[in-house]
Amino acid sequence: MARPESERRREQRVLLGGVIITAVALLVTYGALPFARRWQLREAQITGAQERIAYLVGLTERTASLEAAAANDERVLSAQTRRVLHARSTTLAASATQAFLQDLADASQVVVSRLEVSTDDSVTAGGTSAGSPETAAASLQYVPVSFSAYGDIGGVTSVLQTLAGGPRVMIVESLALQRNAALAGAPDVVQFTVKLRAPVLPQ
Amino acid sequence: MSKPIGILLDPDAARVLMRQGGSEVVRDVAWDPDAPEAMVEALRALVGAPSAFVVIVGLGFLEVAEPELPPLDASARQALLWRDADRYFPIAEPVAVACANGVAMALSATRLDTWLRALRALAPVCAVISSPQAYARVLGTGAAHVAVGVGEIGVVRAEHGMVRSVRRASMPRAGQSSAPEVVTSVSLQDVLRDAPTWREAPLSEQLLDATLSRAMRRDTRRRWATSGVLLVSALALLVAAADHTRSKQLATLQQFVEVLSARAQPAERAETRRSRAQAELAMLAEADARQTAADAPLAVLAQLTRALPRDAFVQRLEFDGQQWRVDGTADNAPRLVPLLDGNARFRDVRIAAPSQRFLDVGRQRESFAISFRMHTADGGARGAP
């Protein structure tokens, strides 16, 4: 039996509607949205490039004053007896820190029982200037250190004194001093554990 | 795009409105309704190539009836009249029909098709209406005479621009008195000037046959589809152009950044040196401040040594970054807390664990565990919450 004309037209309309909705959905999913994302990304890049240009222009204009300020700061630093550790990587910084603490223990006549310098937990401090990747290198990193040793109270005092005012900057985060009860016959021996943060300037 | 022009097809002439010497005049073009091609050529010479025609079919060609139709919408009424034309009109072939307010006007579809085919050689036809409809719209409300042909006159009554009735009558002979009728004078110029407004008239109001109506509906759809495609294409082109422009801008900016980066290298090196030096100076200042702070380990050791009595023996001293704790033994442990609390350098002195009394080589001793904080230079307590 032939279908009525109205039914055939309705079916055609439904089919056409389905095709249109599918086409629009495909167009939005694979055309409009990727395009919008690409557009947003490019706008962000344009904004970033404009900011970078403004920064570089300002920087170029201040070349002379920056040179003078840097030379002045470096002159002030060169007169200091204490310095922050400079290293190309945190591994090298950890190695230098370890060597420094061993030397310190030897000089203070304490015996190191445990020295742990972690490079994986190094933390970056300080922000970076907008559009200036080089200044990111200027931000400080901190190498965490756990240092345990024993010796007489004079040695412990010497260690603490050097940590506080020695040639390398070390920040004491926690400290535990304990009379070493295990060493019978040597009541003046003190065991101590100190947790430090060694600031490092990446080169 | 220029407006379409109206052309009135009366039995004696085809009439168009023309601008001549700054004023508008109605020009008659003689024609043979059975062979309209010559009229079209004459029109071409007269008006050139207009953008489109609005065709007004004169009352002289129309059969008028007032059929009793069920209350349907205009399209359904028109379809009904197409189907049952022989019931209402003395035309024995398919008809083109216009229906307005119960007044139906018809003419042979074949004849109309012949005219439109001829006119389309000059310009597309965008609307076909009857002259009573055109007069009614100009008239508004009232009655007006409409030319019909030799020896006949038509009277169109209108209400709010819609046809109410159409009547054809013989012209009164000289000396013969006609029935008194108040009519408004409607100039042909006004009717032809108003014709372009019919361009967007619904197809159900126009004087069309079924085939023509379908064709015009198809044309309308095609125009909409073409316009839609053109609009989408234009938008796509616009977006593509904007996209291209922004990409070029970005490329230009990036090139400029590269040039500036090379130029700013000395400044950037100086800035890096300065930043590094300042970071180190700030760290040195902080380290110096810590060295002289009240809770620096050496300072606390010294303070405790001074504050605790000689019989106190410290077994453990601990600093967690905020608070100090000292454990040990003394002859009289309870008096240590008031002793430290009375010292201005110690703050928040508290007992951290219970005290125990015991004999040490025959001597009575007491254990103590005390926590405290140190006063800082600004008067606060280091590590205080």
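Residue positions are counted from 1 within each chain, in the order its sequence is given. Each chain gets a letter, beginning with A, and each ligand a number, beginning with 1, in the order they are written. The predicted origin of the model limits local features to residues at a pLDDT of at least 70 and limits the giving and counting of side-chain atom pairs to 80 or more, whereas totals for whole chains, interfaces and linings rest on all residues. Side-chain descriptors were evaluated using all non-hydrogen atoms of the structure, hydrogens and water having been removed beforehand.

Peer 1: Any chance you could explain the interface of chain A and chain B here in plain terms?
Peer 2: Interfaces are often described in size by the accessible area the parts lose on coming together. We call two residues in contact when some of their heavy atoms are within 4.5 Å. At the junction of the two partners, chain A supplies 57 residues and chain B supplies 47 residues. The buried area of a pairing is the accessible area, by a 1.4 Å probe, that goes missing from both parts when the two are put together, added over both. Interface area, chain A with chain B, both sides summed: about 4,700 Å², of which 66% is carbon and sulfur. The largest per-residue losses of area from chain A upon contact with chain B belong to A:Ile53, A:Leu175 and A:Leu177, which jointly make up 11% of the total buried on that side. What counts as a salt bridge is simple: a side-chain nitrogen of Lys or Arg found within 4 Å of a carboxyl oxygen of Asp or Glu. Taken together, the connections running from chain A to chain B amount to eight salt bridges. The shortest N-O distance in the salt bridge between A:Arg83 and B:Glu280 comes to 2.5 Å. Pairs of N or O atoms are called polar contacts if they sit within 3.5 Å, as long as, within protein, a hydrogen donor faces a hydrogen acceptor (for residues adjacent in sequence, only side-chain-to-side-chain pairs). Here chain A and chain B share 17 residue pairs in polar contact (both at pLDDT 80 or more) between them. Those elements giving two or more residues to the side of chain A that touches chain B turn out to be helix H1 (5-61), helix H2 (63-78), helix H4 (133-136), helix H5 (153-165), strand E5 (171-179) and strand E6 (190-202) of chain A. Looking at the side of chain A that touches chain B element by element, the count peaks at 16 residues for H1(A). Polarity classes work like this: nonpolar for Ala, Val, Leu, Ile, Met, Phe, Trp, Tyr, Cys and Pro, charged for Asp, Glu, Lys and Arg, and polar for all others, with Gly in that last group. Residues of the side of chain A that touches chain B, tallied by class, amount to 31 nonpolar, 13 polar and 13 charged. Paired strands, in this sense, are two strands between which DSSP finds at least two bridges. Secondary structure elements are defined from DSSP: runs of H or I of at least 4 residues count as helices, runs of E of at least 2 residues count as strands, and each element is numbered from the N terminus. Two elements, E5(A) and strand E12 (residues 313-319) of chain B, share four bridges in a ladder whose sense is antiparallel. Bridge assignment links A:Leu175 to a residue of E12(B), and that residue is B:Phe319.

Peer 1: Sorry if this is basic, but what is going on with the pairing of strand E15 (residues 357-360) of chain B here?
Peer 2: The two faces of the sheet receive side chains in turn, since in a regular strand these alternate between them. Residue and element names in this part refer to chain B. Here E15 runs beside strand E16 (residues 363-374); their pairing, made up of four bridges, is antiparallel. For Phe358, the partnering residue across the bridge sits in E16 and is Arg365. If you look at the hairpin formed by E15 and E16, you'll find two residues sitting between the two strands, and Val361 has a positive phi there, around 50°.

Peer 1: Is there a simple way to think about the sheet that holds strand E10 (residues 152-159) of chain B in this case?
Peer 2: Two pairing modes exist for strands in a sheet, parallel and antiparallel, and in both the strands are linked by backbone hydrogen bonds. Residue and element names in this part refer to chain B. Ordered by their spatial adjacency, three strands build an open sheet running E9-E10-E11, and the pairing between neighbours is antiparallel. Sheet topology places strand E9 (142-149) and strand E11 (162-170) at the edges, where each strand pairs with a single neighbour. The sheet shows a mean angle of 25° between the axes of neighbouring strands, taken without regard to direction. Pairing of E9 with E10, which is carried by seven bridges, proceeds in the antiparallel orientation. Note that in E10 the partner of Ala143 across the bridge is Arg157. With axes taken as lines fitted to C-alpha atoms, and helix axes fitted only over the stretch in contact, angles between N-to-C directions fall between 0 and 180 degrees. Helix-sheet contacts for helix H5 (residues 131-139) involve E9, E10 and E11, and the interaxial angle to E9 is about 150°.

Peer 1: Is there a simple way to explain the nonpolar core in this structure?
Peer 2: Generally speaking, nonpolar side chains in soluble globular proteins are found buried as a group. B:Ile7, B:Met39, B:Val55 and B:Val57 are the most contacted members of the largest nonpolar core, which has 61 residues in total. Here B:Met39 is in contact with B:Ile7, B:Leu9, B:Ala14, B:Val29, B:Ala30, B:Trp31 and B:Leu119, once residues within four sequence places are set aside. Core analysis: the next-biggest nonpolar cluster, separate from the first, contains 50 residues, A:Leu101, A:Val117, A:Ala149 and B:Ala333 among them. Put simply, buried Ala, Val, Leu, Ile, Met, Phe, Trp, Tyr and Cys residues joined by side-chain atoms within 4.5 Å make one nonpolar core. For the exposure calls, accessible area comes from a 1.4 Å probe over protein chains only, and a residue counts as buried if that area is under 20% of its type's maximum, exposed if over 50%, partly exposed in between.

Peer 1: Which parts of the structure should I look at to understand the pairing of strand E8 (residues 125-130) of chain B?
Peer 2: Residues and elements named next belong to chain B. The buried count for E8 comes to six of six residues, which makes it a mostly enclosed element. The pairing of strand E4 (residues 53-57) with E8 spans five bridges and is parallel. Note that in E8 the partner of Phe53 across the bridge is Val125.

Peer 1: Would you mind showing me how to read a nonpolar patch on the surface here?
Peer 2: Within the patch definition used here, like charges are joined within 9 Å and nonpolar side chains (Val, Leu, Ile, Met, Phe, Trp, Tyr) within 5 Å, considering only residues with over 30% relative accessible area and no salt bridge. Only the protein chains shown count as cover for residues, and the accessible areas themselves come from Shrake-Rupley with a 1.4 Å probe. Residues A:Leu16, A:Ile20, A:Val24, A:Val28 and A:Leu33 make up a contiguous nonpolar surface patch of roughly 430 Å² in combined accessible area. Examined against the element boundaries, A:Val24 turns out to sit in helix H1.

Peer 1: How do you make sense of the confidence of the model for chain B when you look at a structure like this?
Peer 2: Do not read the predicted coordinates in detail wherever pLDDT is low. Averaged over all residues, the pLDDT of chain B is 88; the fraction at 70 or higher stands at 95%. In the model output, the complex is listed with pTM 0.58 alongside ipTM 0.74. Every residue gets a pLDDT, meaning the predictor's confidence in that residue, from 0 to 100.

Peer 1: Any chance you could explain the pattern of salt bridges here in plain terms?
Peer 2: Oppositely charged side chains can form a pair if their charged atoms are brought close together. Per the counting criterion, the structure on display carries 33 salt bridges over all chains. The closest approach of N and O atoms between A:Arg38 and B:Asp243, which form a salt bridge, is 2.7 Å. Taken together, the residues span two chains, with A:Arg38 in helix H1 and B:Asp243 in helix H7 (residues 210-263). A relative accessible area of 43% means that A:Arg38 is categorised as partly exposed.

Peer 1: Please clarify how the packing of H7(B) against helix H8 (residues 265-291) of chain B should be interpreted in this entry.
Peer 2: When two helices pack together, you describe them by how their axes are tilted relative to each other and by the distance separating the axes. All names here are of chain B. The geometry of H7 relative to H8 is characterised by a closest axis approach of 4 Å and an angle of 65° between their N-to-C directions. Note on element contacts: H8 touches H7 through Gln265, Pro266 and Glu268, opposite Ser261, Ala262 and Arg263. Taken together, the residues that form the contact of H7 with H8 break down as two nonpolar, two polar and two charged.

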